[in-house]
Amino acid sequence: MTSPPASASPAHVAPPAPRSRTAPLPPWVAPLAGVTVAVAAYLVFRGTALLPHDDDAAQFGAVNDVRDWVDANRNESPIFLFFVNYVRLSVGGLYDAFNLVLHGLGWAGVVGSAGALGWLAGGWRIALVAVLGSGSLGVLGLWEAGVDTLALVLAAVLLSLLVGLPLGVWAGRSVRLRRLLTPVLDVMQIMPTFAYLSPMVLFFQIGNASATIATMIYAIPPAIRITALAIEQVPATPVEASTALGATRWQTLRKVHIPLARATIGLAVNQTVMMALSMVVIAALIAAPGLGSDIIRGLSRANVGIMLPAGIAIVAMAVVLDRITMAAAARGPAPAGSFSSRLRPAVTSVILLVTGVAAWLLPAEFPQEWVLRFAEPVNEAVNWAKFSWYGVTEAVRNAATETFLNPLQTVLTTAPWWLVAAVVLAVAWRTGGPRPAVTAVGCLLATALLGLWQHTMETLTTVLVGVVLALAVGLVSGIAAARSPRFASVQRPLLDAAQTMPAFVYLLPALALFGATRFTAIFASVIYAVPPVVRLVEDGIRNVSPVVVEAARSSGSTDRQLLWKVQLPMARRAILLAANQGIVMTLAMVVVGGLVGAGGLGYDVVSGFSQRTDFGMGFTAGVATVLLGIMLDRITQGADGRPSPRKKRFA
């Protein structure tokens, strides 16, 4: 009998070394540690390494020198003689042509033509909206200004579509071009409207041409993006069938791509028109004619009676243009030989014939006896509201100012610049990773190099407070709409109307209630930013998989648990996108709020347009506004692309 080998005995097998297990830290430990370090650093270094504002900074003087050189060489340099001046004259001539035609048609011709376009686009309902909307310009006593605004919109939209649609088609068929255009369009869409004006003034001087070009550049991104999306989304099957039948690329584009993408391209035209309409009002700051000048005049005097008719006229014009373009995009071509295909052009011809006769017989000026003048009653109502609600509005304004605005602004303006930069770097790194972090902190430090650190911090204060309020209102309303179809049906038309209005219109109720203060800009920015936040939150919650919702309910989850544990975490990307859009729109409105006492970069931009000596400061403030927008956009966009903790846990 032999004994088993020692090596095979279980008594001699070495037990596995115990694996050291360290419990992972809770996810809130690192942010809490970062906040603690930042607070401690602020308390220790508060008041040091500050970058106070200087109206006579060398950067502003350098821009003034560039402007002086441009003014001195405008008629001598070949760049201006053979390019810039020709562009200015051509664009100005295009605006003059539209203006001449519209004024030549007279009020009867314009109203009748709008009705004909409405009938052609969507039938009698759209025609009635077009007639009433265009006629309201005269009833409000703003016929001349309204026609000037319409001419500016048409000139800018025509130029935007001439450039944007071909580029969009090309980008839809070329991945390389789309990748090249995407970052440029991203920057253009997050730039506040004010930022477009300064370069235009520098090269094209103030007036119609610079306003038209600024409006064209502002309105062109949706034309490119949506057209590219429309071409890209054309199904591959008809394209392959066309190619298999021997069609050339041009024939495939003309016979397959464009007809199938027609409805979405119509949406691109609609968005281009709406963007142009919102910009032409702001372009009044560089002497653009039209309704914007009345609003600027009313804002400078805090006179709601002057602004309200112009605001209503802009909303009426926006509704008419929106309904006509949307109806044209949604309505397909009538079948050949059908009654509808014969009726539509016949009725349009009759309307145009009657319009021509009326325009020939009636005077071009709108009848003054039809004009409603209500500036004085409006001012009396505003004064009554101010005195009657003074206690409430004063309490709300003071509470927001003392609770949020002043403490936050004190922290941001007394913190060392390097501490603010470190916090931005840490937040952007955590939300998006190294690349967005470097971009965000680079943009922030660039504002310091421009000599506008303090005013950037003041603007950042108002933006942060506005975004917090807009997100709070938007989240509550979006959740309520997602959980209650009845509430959503009541809220939807209000959101549609709010998203049709140009940004300036939101300043009217804010100025009437709170006067010219920083809180006025914040209040207006909240109203302006809430509609897209509500829509995105509602869509995000509604799009949560019904299977997951049913599973949660089957497990006994209450409505509250379903919302907090399932719907909100799974709608995270939509909510972060809502935060991104809220920040961009709040920044745009806060900068516009420089006209009503918001201060910061917006006031610098306005001052640069109104006073020649401050041009350099206004120009650099426009650049700083863009940098601030990019910084905030990169932080929130990075958060949008970052996987959620829940996904990481189950990955």
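- Taking an unreviewed UniProt entry as the reference, the protein is identified by name as Glycine betaine/proline transport system permease protein belonging to Streptosporangium album.
- In its Sequence similarities (unreviewed entry) section, the UniProt entry covering the protein states "Belongs to the binding-protein-dependent transport system permease family."

### Here's the deal with the overall build of the protein
Line of reasoning, step 1. Looking only at helices and strands, the protein features 28 helices and zero strands.
Line of reasoning, step 2. For the protein, the C-alpha atoms occupy an extent of roughly 130 × 70 × 60 Å along the three principal directions.
Line of reasoning, step 3. Every one of the 651 residues in the protein was classed for burial, and the buried ones make up 49%.
Line of reasoning, step 4. Long-range contacts, defined here as pairs at least 24 residues apart, represent 80% of the contacts in the protein between residues at least 6 apart.
Line of reasoning, step 5. When the accessible surface of the protein is totalled, it reaches about 32,300 Å², and 68% of it is carbon and sulfur.
Line of reasoning, step 6. Taking the average location of the 45 positive side-chain charges in the protein and that of its 31 negative ones, the two points are 17 Å from each other.

### Overview of the packing of aromatic side chains
Line of reasoning, step 1. This structure, assessed with the given rule, holds 11 aromatic pairs.
Line of reasoning, step 2. Between Trp384 and Trp389 the ring centres are 6.0 Å apart and the planes differ by 65°, which places this aromatic pair in the edge-to-face class.
Line of reasoning, step 3. Residue classification places Trp389 among the partly exposed residues on the basis of a relative accessible area of 42%.

### Looking at the UniProt feature "domain: ABC transmembrane type-1" (unreviewed entry) in the protein
Line of reasoning, step 1. Listed under "domain: ABC transmembrane type-1" (unreviewed entry) in the UniProt record, and renumbered for this structure, are residues 146-325 and 456-636.
Line of reasoning, step 2. Across residues 146-325, the secondary structure splits into 84% helix and 0% strand, with the terminal C-alpha atoms separated by 19 Å.

### Things to note about helix 25 (residues 572-592)
Line of reasoning, step 1. Taking 1.5 Å of rise per residue, 21 residues should cover 30 Å, and helix 25 covers 30 Å from first to last C-alpha, within 8% of that figure.
Line of reasoning, step 2. Most of helix 25 is tucked away: 16 of the 21 residues are buried.

### Let's talk about the pattern of salt bridges
Line of reasoning, step 1. Summed over the entire model, instances satisfying the criterion amount to eight salt bridges.
Line of reasoning, step 2. The shortest N-O distance in the salt bridge between Asp294 and Arg297 comes to 2.7 Å. Taken together, the residues Asp294 and Arg297, both in helix 12 (residues 291-301) and three residues apart, mark about one turn of the helix.
Line of reasoning, step 3. According to the relative accessible area criterion, Asp294 is buried, its value standing at 12%.
Line of reasoning, step 4. Salt-bridge contacts for Arg323 lead to Asp322; the nearest nitrogen and oxygen are separated by 2.3 Å.

### With respect to the side chain of Glu538
Line of reasoning, step 1. With respect to the helices and strands, Glu538 occurs in helix 22 (residues 518-542).
Line of reasoning, step 2. Setting aside residues no more than four positions away along its own chain, Glu538 makes contact with Gly478, Ala481, Ala482, Ala488, Gln491 and Arg492.

### A word on the domain arrangement of the protein
One widely used convention gives an interface's size as the accessible area the parts lose upon coming together.
Line of reasoning, step 1. Taken domain by domain, the protein comprises domain 1 (85-332) and domain 2 (374-643).
Line of reasoning, step 2. With centres defined by C-alpha atoms, the gap from domain 1 to domain 2 works out at 26 Å.
Line of reasoning, step 3. Taken together, the contact pairs 38 residues of domain 1 with 34 residues of domain 2.
Line of reasoning, step 4. Summed over both partners, the interface of domain 1 with domain 2 comes to about 3,000 Å²; 85% of that surface belongs to carbon and sulfur atoms.
Line of reasoning, step 5. Of all residues in domain 1, Ile190, Phe194 and Leu299 bury the most surface against domain 2, accounting for 23% of the area lost on that side.

### Digging into the layout of surface pockets
Line of reasoning, step 1. Roughly 960 Å³ of internal volume is contained in the second largest pocket.
Line of reasoning, step 2. Split into classes, the residues belonging to the lining of the second largest pocket amount to 28 nonpolar, three polar and one charged.

### Details of the environment of Val153
Line of reasoning, step 1. Take Val153: it is sitting in helix 5 (residues 143-173).
Line of reasoning, step 2. Taking the C-alpha atoms as reference points, Val153 and Val280, 127 residues apart in sequence, are found 6.9 Å from one another.
Line of reasoning, step 3. Those residues in contact with Val153 that lie beyond four places of it in its chain are Ala276, Leu277, Val280 and Leu321.

### Looking at the nonpolar core
Line of reasoning, step 1. Counting residues in hydrophobic clusters, the biggest one holds 149 residues, and the most contacted among them are Phe194, Leu299, Phe504, Leu595 and Met631.
Line of reasoning, step 2. Formed jointly, this core draws a minimum of three residues from each of two domains, domain 1 (85-332) and domain 2 (374-643).
Line of reasoning, step 3. For Phe194, the residues in contact, after removing those within four places along its chain, are Ile282, Leu285, Val591, Val592, Leu595, Gly602, Val605, Val606 and Phe609.

### Structural notes on empty space enclosed by the protein
The gaps left among the atoms become clear once a water-sized probe is rolled over them.
Line of reasoning, step 1. Summed over the entire model, instances satisfying the criterion amount to one cavity of 30 Å³ or more.
Line of reasoning, step 2. Computed from the structure, the largest cavity encloses a volume of approximately 30 Å³.
Line of reasoning, step 3. If you go around the largest cavity, the residues you meet are Ile190, Ile583, Val584, Leu587, Gly629, Leu632 and Asp633.
Line of reasoning, step 4. When contributions to the lining of the largest cavity are tallied by element, the ones reaching two or more residues are helix 25 and helix 27 (615-641).
Line of reasoning, step 5. Within the lining of the largest cavity, the residues separate by chemical class into five nonpolar, one polar and one charged.

### Let's talk about the packing of helix 1 (residues 29-45) against helix 17 (residues 417-432)
Line of reasoning, step 1. Their axes nearest at 10 Å, the elements helix 1 and helix 17 cross at an angle of 170°. In terms of orientation, helix 1 and helix 17 fall into the roughly antiparallel class. On helix 17, the residues touching Pro31, Ala38, Ala41, Tyr42 and Phe45 of helix 1 are Trp418, Leu419, Val423 and Arg430.
Line of reasoning, step 2. Residue composition of the contact of helix 1 with helix 17, by class: eight nonpolar, no polar and one charged.

### A word on the environment of Val39
Line of reasoning, step 1. Relative to the assigned elements, Val39 resides in helix 1.
Line of reasoning, step 2. For the pair Val39 and Thr439, spaced 400 residues apart in the sequence, the C-alpha separation amounts to 24 Å.

### A look at the packing of helix 22 against helix 25
Line of reasoning, step 1. Two elements in contact, helix 22 and helix 25, have axes separated by 8 Å at closest approach and are oriented at 160°. Classified by the interaxial angle, the pair formed by helix 22 and helix 25 is roughly antiparallel. Pair helix 22 / helix 25 crosses with right-handed handedness. Across from Ala521, Ala524, Ser525, Tyr528, Ala529, Pro532, Val533, Leu536, Val537 and Gly540 in helix 22, the residues of helix 25 making contact are Ala574, Ile575, Leu577, Ala578, Gln581, Gly582, Met585, Thr586, Met589 and Val590.
Line of reasoning, step 2. Residue classes in the contact of helix 22 with helix 25 are distributed as 15 nonpolar, five polar and no charged.

### Digging into the environment of Leu253
Line of reasoning, step 1. By the element assignment, Leu253 lies in helix 10 (residues 249-260).
Line of reasoning, step 2. In this structure Leu253 comes out as buried when scored by relative accessible area, which is 9%.
Line of reasoning, step 3. For the pair Leu253 and Val169, spaced 84 residues apart in sequence, the C-alpha separation works out to 8.8 Å.
Line of reasoning, step 4. Apart from the residues within four sequence positions on either side, Leu253 is in contact with Val169, Arg173, Ile258 and Pro259.

Calculation criteria
Residues numbered from 1 in each chain as written. Predicted model: local features only at pLDDT ≥ 70, side-chain atom pairs only at ≥ 80, totals over all residues. Heavy atoms only, no water. UniProt positions renumbered as here; feature names shortened; annotations may be inferred. Helix = DSSP H or I, 4+ residues; strand = E, 2+ residues; numbered from the N terminus. Buried < 20%, exposed > 50% of the residue type's maximum accessible area, 1.4 Å probe, protein only. Contact = heavy atoms within 4.5 Å. Areas by Shrake-Rupley, 256 points an atom, 1.4 Å probe, with all protein chains shown as cover. Lys, Arg positive; Asp, Glu negative; His and termini not counted. Charge placed at Lys NZ, Arg CZ, Asp CG, Glu CD. Phe/Tyr/Trp six-rings, centres within 6.5 Å; stacked < 30°, edge-to-face > 60°. Expected span 1.5 Å × (residues − 1). Salt bridge = Lys/Arg side-chain N within 4 Å of Asp/Glu carboxyl O. Domains from an automatic or database assignment. Buried area = accessible area lost by both parts, 1.4 Å probe. 1 Å grid on protein atoms, 1.4 Å probe; cavity = no way out; pocket = protein on both sides within 12 Å on 5 of 7 lines; lining within 4 Å. Points joined across faces, edges and corners; volume = space filled by probe spheres on them. Nonpolar A, V, L, I, M, F, W, Y, C, P; charged D, E, K, R; others polar. Core = buried A, V, L, I, M, F, W, Y, C linked by side-chain atoms within 4.5 Å. Axes fitted to C-alpha atoms, helices over the stretch in contact; angles between N-to-C directions. Parallel < 35°, antiparallel > 145°, perpendicular 65-115°, else oblique. Left-handed = near helix turned anticlockwise from the far one by under 90°.

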